[in-house]
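# A look at the structure
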Amino acid sequence: MELIGKRIKIRDLSFNDLDDYYAYASDQDVARLAGFKPISNLETAKIKLTGLIFNNETYAICLNNRLIGTINLYHDGIRKIRNIFTIGISLGKKYWHLGYGSEAIRLIVCYAFKEMGAQYLEIRHEINNLQSKKMIEKLGFTYDGTLLNYAYDYKKELYSICLYSLSKKKFMEKIYLWENC
């Protein structure tokens, strides 16, 4: 898969992404907000990257063909209906607050509705991640609620999430919000 935006590209992950993947996935702040344990060494990064490559649900977000983060599109919706996908995203810290996350989500939303036959998309953020909240709401997702004590993080501490959704119907009504679609 390859999706081209104004500044970024979303493409399949490859083993050539190992150094860039390790650089961002080893950052404690990135890992905490994305809900995974920071990767502690290059060998572990290689194992994790291999798993991501073969699961076909995680894609590279690239700037000048260098991985700056990942975006997921997977079947794990809270709703138990057909053709629902969940979006997950994480970016290297030096790429935060620059619009790359919004651009990546716009690209994957268009792809999900137009190419994958999605009827609903869900996206979540950790309850205290106010930057993600702002971005998700700006993109037109509807706040569905907060799930308290959703899961344990890698430190065995409970965390809560805020859940949002976007229906295909709403997407089609508001397609003007979705640049490059």
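The preceding data block contains the structure.
In every chain, residue numbers begin from 1 and rise along the written sequence. With the structure being a predicted model, the display of local features is reserved for residues of pLDDT at least 70 and the display and counting of side-chain atom pairs for 80 or more, all residues being used for whole-chain, interface and lining totals. Working from all heavy atoms in the structure, the side-chain values ignore hydrogens and water.

## Brief notes about unusual backbone geometry
Selection rule: Secondary structure elements are taken from DSSP: a helix is a run of H or I of four residues or more, a strand is a run of E of two residues or more, and numbering for both begins at the N terminus. The classification of residues rests on relative accessible area computed with a 1.4 Å probe and restricted to protein chains. Under 20% of the type maximum is buried, over 50% is exposed, and intermediate values are partly exposed.
Phi is positive for Asn 83, which is not a glycine, with a value near 55°. Assignment of secondary structure puts Asn 83 in the loop between strand E4 (66–74) and strand E5 (84–91). In this structure Asn 83 comes out as partly exposed when scored by relative accessible area, which is 35%. The backbone of Lys 156 sits at a positive phi, close to 70°, despite the residue not being glycine. For Lys 156, the location among the structural elements is in the loop between strand E7 (142–152) and strand E8 (158–167).

## Points about the environment of Arg 66
We count it as follows: Contact between two residues is taken to exist if any of their heavy atoms lie within 4.5 Å; hydrogens are not considered. Under this definition, polar contacts are N or O atom pairs within 3.5 Å; protein pairs additionally need one hydrogen-donor-capable and one acceptor-capable atom, and for neighbouring residues in sequence, both atoms have to be side-chain atoms.
As for its position among the elements, Arg 66 is in strand E4. The spacing of Arg 66 and Ser 14 is 52 residues in sequence and 11 Å in space, taken between C-alpha atoms. Look past the residues within four positions of Arg 66 in its chain and what remains in contact with it is Asp 20 and Ile 61. Here Asp 20 takes part through its side chain, which lies 2.3 Å from a polar atom of the side chain of Arg 66.

## Brief notes about the sheet that holds strand E2 (residues 9–12)
The criterion, for reference: Note: two strands are recorded as paired if DSSP finds a minimum of 2 bridges between them. Think of each axis as a best-fit line through the C-alpha atoms, taken over the contacting stretch in the case of a helix, with angles from 0 to 180 degrees between the N-to-C directions.
Across the sheet, eight strands lie side by side as E1-E2-E3-E4-E5-E6-E8-E7; this open sheet has mixed pairing. The open sheet has two edge strands, strand E1 (2–4) and E7, and neither has a second partner. For this sheet, the mean inter-axis angle between neighbouring strands, taken without regard to orientation, is 25°. The sheet contact formed by E1 and E2 spans three bridges and is antiparallel. The residue of E2 that forms the bridge with Ile 4 is Lys 9. In this fold helix H1 (residues 18–25) packs onto E4 and E5, with an angle of close to 80° to the strand it touches most, E4. This element, helix H5 (residues 130–138), spans strand E6 (120–126) and E8 of the sheet and lies at about 160° to E6.

## Some remarks on the packing of H1 against helix H3 (residues 42–55)
Applicable threshold: Angular relationships are summarised with four words: roughly parallel below 35 degrees, roughly antiparallel beyond 145, roughly perpendicular across 65 to 115, and oblique for the angles in between. Nonpolar residues are Ala, Val, Leu, Ile, Met, Phe, Trp, Tyr, Cys and Pro. Charged residues are Asp, Glu, Lys and Arg, and all others, Gly as well, are polar.
In contact at an axis separation of 9 Å, H1 and H3 are set at 105° when each is read in the N-to-C sense. By the criterion of interaxial angle, the relationship of H1 to H3 is roughly perpendicular. On H3, the residues touching Leu 18, Asp 19, Tyr 21 and Tyr 22 of H1 are Leu 42, Ala 45, Lys 46, Lys 48, Leu 49 and Leu 52. The residue makeup of the contact of H1 with H3, split by class, is seven nonpolar, no polar and three charged.

## Regarding a nonpolar patch on the surface
This is how it is decided: Residues enter patches when they are more than 30% accessible in relative terms and free of salt bridges; like-charged ones are connected within 9 Å and nonpolar ones (Val, Leu, Ile, Met, Phe, Trp, Tyr) within 5 Å. For the accessible areas, the method is Shrake-Rupley and the probe is 1.4 Å, while residue cover comes only from the protein chains on display. The term salt bridge refers to a pairing of a side-chain nitrogen on Lys or Arg with a carboxyl oxygen on Asp or Glu at a separation within 4 Å.
On the surface, a nonpolar cluster with roughly 220 Å² of combined accessible area is contributed by Ile 78, Leu 147 and Tyr 150. Counting through the fold element by element, Tyr 150 comes out in strand E7.

## Thoughts on the packing of aromatic side chains
Rule in force here: For Phe, Tyr and Trp, where Trp contributes only its six-membered ring, two rings pair if their centres lie within 6.5 Å, and the inter-plane angle classes them as stacked under 30 degrees, edge-to-face over 60, or tilted in between.
Per the stated rule, a full pass over the model turns up six aromatic pairs. Note on Tyr 150 and Tyr 159: the rings are 6.1 Å apart at their centroids and 65° apart in plane angle, and the pair reads as edge-to-face.

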